[in-house]
Amino acid sequence: MKRATFAIVFALATTSVAAQESETDYNFLRLPVSAHVAALGGENVTLPDDDASLIFHNPALISNVSDRSLDLNFMTYMSGSSTASASFVKALKEKGTWGVMAQYMDYGEMKETTADNIETGTFHARDICIGGSFAYLLTPRLTGGISAKMIASYIGQYNSMAMGVDLGLNYYDEEREWSVSAVAKNLGGQIKAYDDDFEAIPLDLIVGVTKRVTNAPFRLSATMGNLNHLGGKFINHFNFGVDVLLSDNIYLAGGYNFRRSNEMLISDDEDESSHGAGLSLGAGLTLERFKLHLAWAKYHVSASSLLINLSFTL
C-alpha cells in the first residue's frame, strides 16, 4: 500500500510540473548545494554516496547516508553573492531515514534609487529555505523520498514566502553499481507575494543514471533536467559527469552542463562562445567519519564559483 500511494503521488506531482510556466521566483533553489553534484555538472540526482548534502538534490538518496551525519556547505557566487547550507541525517529503524536542512543565500548590499535614478541609500537581499525530509526503503533496491520546504525571500523592506515539496525515487543495484533516479523538485507555490501578483517557484522534473565502469576506476553519470519545459535543442537538457575513483577514499570529478552553456552563449560578428560556462571540476576525500568535497564551476561567463562541503558522522 505504501508503494502504491507513493507512486500515485509522484505521478500526479510530475503531471503538475509539466503544466507550469518557466518564469519563477526563488531561483537560488536551482543552484547545487553538494560540491560533488556541482563537480558533476550541477544537476545529478543519482549519486549513491554517503553524503548528507544530497538531501537537497534527491530526498531518496539520504537512505545511503550514515546515521547522525552532519554536513556544512559554502559557495561563492557572482558579484559578492554567497550561499551557505547545513543538513543533518538520522536513521529511523531499519527502512526509514529522516533529515533536516537549511539554505541561505545572501546577495550582498545594493544601491537603493528612485525612479529617476537618484541614490537614496542601500539595502540587502537574501533568500532562506528550511525543510525536512523522509526516505523509506520500498524494496531492497528501491527507495522513495519526500522533502517539505518553507521558502522566504527578502528584498529591502519587502518579503515573500512559499511552500515547496520535492519527491524522489532511487533504484540502486549495489552489486552492478547502477543507480537510477527520478525527481520532481519544488512542487508548490507562494503563500505570500511581494505584492498582489503571485509568482511560481522553480519546478523541475529530473531523471538520471549513474554507473560504475566494470573493472575500471570510472563512474559515469548522465542527467536530464528541466523536462517540464521541453523545447529547443534536446541536448540542452543534458548534464554529463565522470568520477575518477583513485582509491576508496579519494576521487576526482568533472562535468558539463549543456543547458548552462547554451544559456550563457554570447555571439558577435565573428564568433560565439559561452566562455567555459557549463564546465565544472572537483575532488573529494571520504573517510569513515569525516568527508571533504571541493568543486569549481562556471555559472556565468564573467565569474566562477567555489564550493566546499564538510561532513561529520557524530
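Provided above is the structure to which this section pertains.
Residues numbered from 1 in each chain as written. Predicted model: local features only at pLDDT ≥ 70, side-chain atom pairs only at ≥ 80, totals over all residues. Heavy atoms only, no water.

Colleague: Explain the overall build of the chain to me, please; I cannot follow it from the model alone.
Modeller: The secondary structure content of the chain amounts to 3 helices and 16 strands. Since a compact globule built from 314 residues should have a radius of gyration of about 20 Å, the 20 Å found for the chain is in line with a globular shape. For the C-alpha atoms alone, the extent of the chain along its principal axes is close to 65 × 50 × 40 Å. Residues counted as buried form 46% of the 314 residues belonging to the chain. Intrachain contacts of the chain at a sequence separation of at least 6 include 51% that bridge at least 24 residues. For the chain, the computed accessible surface area is about 15,300 Å², with 59% contributed by carbon and sulfur atoms. Taking the average place of the 23 positive charges on the side chains of the chain and the average place of its 35 negative ones, the gap between the two points comes to 12 Å. (Helix = DSSP H or I, 4+ residues; strand = E, 2+ residues; numbered from the N terminus. Rg over C-alpha atoms; globule rule 2.2 N^0.38 Å. Buried < 20%, exposed > 50% of the residue type's maximum accessible area, 1.4 Å probe, protein only. Contact = heavy atoms within 4.5 Å. Areas by Shrake-Rupley, 256 points an atom, 1.4 Å probe, with all protein chains shown as cover. Lys, Arg positive; Asp, Glu negative; His and termini not counted. Charge placed at Lys NZ, Arg CZ, Asp CG, Glu CD.)

Colleague: How do you make sense of the pairing of strand β7 (residues 178–192) when you look at a structure like this?
Modeller: Every regular strand shows the same layout, with side chains that alternate between the two sheet faces. Looking at chain direction, strand β6 (residues 158–173) and β7 are connected through 12 bridges and run antiparallel. Directly across from glycine 164, in β7, lies its bridge partner glycine 188. Between β6 and β7, which pair antiparallel in sequence order, lie 4 residues; one of them, glutamate 177, sits at a positive phi of approximately 60°. In this sheet, strand β8 (residues 204–212) lies alongside β7 in antiparallel orientation, the contact comprising 8 bridges. Bridging across to β8, tryptophan 178 finds its partner in lysine 211. (Pairing = 2+ DSSP bridges.)

Colleague: Help me understand the packing of aromatic side chains in this model?
Modeller: The geometry of an aromatic ring pair is captured by two quantities: the separation of the ring centres and the angle between the planes. One pass over the full model with this rule turns up 8 aromatic pairs. Centre to centre, the rings of phenylalanine 238 and phenylalanine 240 are 5.4 Å apart; their planes meet at 10°, and the pair counts as stacked. Here phenylalanine 238 falls in the buried class, since its relative accessible area comes to 16%. Under the relative-accessibility criterion, phenylalanine 240 is labelled partly exposed at 35%. In textbook terms, an aromatic cluster arises when at least three aromatic residues are bridged by ring pairs, as seen for Phe234, Phe238, Phe240, Tyr256 and Phe258. (Phe/Tyr/Trp six-rings, centres within 6.5 Å; stacked < 30°, edge-to-face > 60°.)

Colleague: Whenever I open this one, the environment of alanine 283 confuses me. Can you help?
Modeller: Within the secondary structure layout, alanine 283 lies in strand β14 (residues 279–286). Overall, alanine 283 belongs to the partly exposed group, its relative accessible area being 27%. Each C-alpha atom of the pair alanine 283 and asparagine 249 lies 11 Å from the other, and the pair is 34 residues apart in sequence.

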